[in-house]
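Below are the chains, spelled out letter by letter.
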Amino acid sequence: MARVVFYDHRGNGRSEGDDPSTWNLAQWADDVKGLCDALGIVKPIVCGMSFGGFVAQAYATRYPDHPGKLILLGTAARIDFERVFAAFARIGGPEIGALAESYWTNPTTEGRATYIERCVPFYRHRRDRPSRGFSRSILRSEVALHFNGPRNEHGRFDFHGGLANLACPVLLMAGAEDPIVPIECAEATARSIPSHLLRFERLPGCGHVIHQDDPECVFDAIRAFIGDERSLGKGTGAKDPQAKARVELRAITAANVRSVCDLRVALAQRPYVAPAALSVAQAQFDPTATIQAIYAHDEPVGLVLWRAGDDPDSAYLWRLMVDSNRQKQGYGRLAIEMVCEEMRALGFHTVVTSVVRGPEGPLGFYLALGFEEANETSRNGEWLLRKRL
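Residues numbered from 1 in each chain as written. Predicted model: local features only at pLDDT ≥ 70, side-chain atom pairs only at ≥ 80, totals over all residues. Heavy atoms only, no water.

(A) Broad picture of the confidence of the model for the protein. In this model, the protein carries an average pLDDT of 85, and 86% of its residues clear a pLDDT of 70 or more. When mean pLDDT is taken per element in the protein, strand β3 (residues 69-73) scores highest with 96 and strand β1 (residues 4-7) scores lowest with 47. Within the model, the stretch residues 5-17 combines pLDDT values under 50 with 44 contacts to residues more than four positions away or in other chains. The low-confidence segment residues 230-245 (pLDDT under 50) makes 42 contacts with residues lying over four places distant or belonging to another chain. (pLDDT = per-residue confidence, 0-100. Helix = DSSP H or I, 4+ residues; strand = E, 2+ residues; numbered from the N terminus. Contact = heavy atoms within 4.5 Å.)

Right under this line is the structure:
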């Protein structure tokens with residue numbers, strides 16, 4: 001059974017009476033490992049939010065072989081304070097931006113009280129919902145005043161180099177409207193983590209407190225990540241040199257339809273790829289459609305849906321989706337190759353598909369497979385691509 005160690009954003013990991021000058025991320029990292037070792041927890045799943053995410057990164061980069069999985073929420077490998085000040089000003093206005101800059105550049109007890117009252121409400125993007133955070137907390141200023149700001153450890157730590165040495169799967173989730181950990185900092189963090197280990201979720205319409213702005217998405221993603229035993233301690237995207245021999249297309253039947261419909265793309269990809277269940281449903285109402293599950297190592301990893309095109313010479317690749325935990329392993333590419341072979345065998349000479357353009361869209365994937373832009377759009381406004389078979 002998975003065991004979870006959670007460090008929250010307050011960072012009060014030391015007892016009363018400790019000398020604040022002894023508090024640092026390395027010691028808190030040692031505390032996480034020491035706690036797990038004392039309790040006999042092997043390969044723990046460690047989750048940290050905000051400051052807790054700094055501690056979790058310190059632990060994972062200091063002991064890269066110790067964690068089983070790592071969950072990072074609203075945190076970054078390095079904080080760019082100029083981006084922080086600009087984000088507060090953009091989200092809250094110039095006065096809020098100036099208050100944030102004043103506190104972070106010179107942390108004081110009085111300044112922190114003003115910051116909590118005026119700036120912390122902007123940690124929530126959904127400010128119409130009551131916060132359940134600081135109003136129920138007993139706060140200590142010692143840690144914050146010792147740690148906060150560009151002249152303290154907050155501005156000195158940089159985990160980018162250490163993250164490249166991680167050996168466990170990582171779920172990184174970040175709010176697109178986060179003022180204190182701007183999305184650019186989270187994106188830079190994602191680039192430092194080995195891509196085959198990473199699941200990165202950008203949450204639109206979320207601030208810093210993502211689990212309150214969009215609890216359903218956040219906790220669904222965490223549950224799926226924790227429950228995916230396939231990735232525990234093995235990584236979620238290592239390329240498999242024997243993948244082609246182990247990938248096949250199978251019919252979707254009553255026996256496997258539930259497991260196929262349970263497949264999910266990453267949150268940031270959902271505007272570009274329809275849910276598996278919708279593809280299964282749509283295929284039932286088009287007599288020319290062919291829908292197949294993509295199997296790898298005897299497990300469903302995605303699906304492909306295609307039908308006859310608008311002219312007798314072409315076939316239309318209606319949809320391809322690969323589960324987020326099975327992307328970047330070549331399964332989508334192999335599935336396209338297999339489908340194109342079927343199309344050629346049936347006498348088609350061209351395959352057409354369509355994509356939604358955007359930062360997480362599949363345009364680059366299809367261009368890499370030899371598709372070319374047709375400089376026209378489909379009836380629903382998607383961009384058309386073509387490839388000769």
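(B) Representation of the environment of Pro150 within the structure. Locating Pro150 in the fold gives a position in the loop between α6 (141-147) and α7 (153-156). A residue is classified by how much of its surface remains accessible, and Pro150, at 34% relative accessible area, is partly exposed. With residues up to four places along the chain from it excluded, the contact list for Pro150 reads Phe81, Trp104, Thr105 and Gly155. (Buried < 20%, exposed > 50% of the residue type's maximum accessible area, 1.4 Å probe, protein only.)

(C) Inspection of the pairing of β3 at higher detail. Counting buried residues along β3, five of its five residues qualify, which places the element largely inside the surrounding structure. Residue alternation in β3 divides its side chains into two sets, Lys69, Ile71 and Leu73 and Leu70 and Leu72, and both sets are buried. For the crossover from strand β2 (residues 45-49) across helix α2 (residues 51-62) to β3, the handedness is right-handed. Looking at chain direction, β3 and strand β4 (residues 170-175) are connected through four bridges and run parallel. Across the sheet, Leu70 pairs through a bridge with Val170, a residue of β4. (Right-handed = clockwise from strand over helix to strand, strands pointing away. Pairing = 2+ DSSP bridges.)

(D) Just the side chain of Asp286, in detail. With respect to the secondary-structure elements, Asp286 resides in the loop between α14 (276-283) and β7 (290-296). A distance of 2.7 Å separates polar atoms of two side chains, one belonging to Asp286 and the other to Thr288. Dropping the residues within four chain positions of it, Asp286 is found in contact with Arg307 and Trp318. (Polar contact = N/O pair within 3.5 Å; in protein donor to acceptor, adjacent residues only side chain to side chain.)

(E) Structural detail: the pattern of salt bridges. For the structure shown, the criterion picks out 20 salt bridges. The shortest N-O distance in the salt bridge between Arg326 and Glu299 comes to 4.0 Å. In this pair, Arg326 is assigned in the loop between β9 (314-322) and α15 (331-345) and Glu299 in strand β8 (residues 299-308), connecting sequence segments 27 residues apart. Judged by relative accessible area, which is 11%, Arg326 ranks as buried. A single salt-bridge network, built from bridges that share partners, covers Asp80, Arg83 and Glu184. (Salt bridge = Lys/Arg side-chain N within 4 Å of Asp/Glu carboxyl O.)

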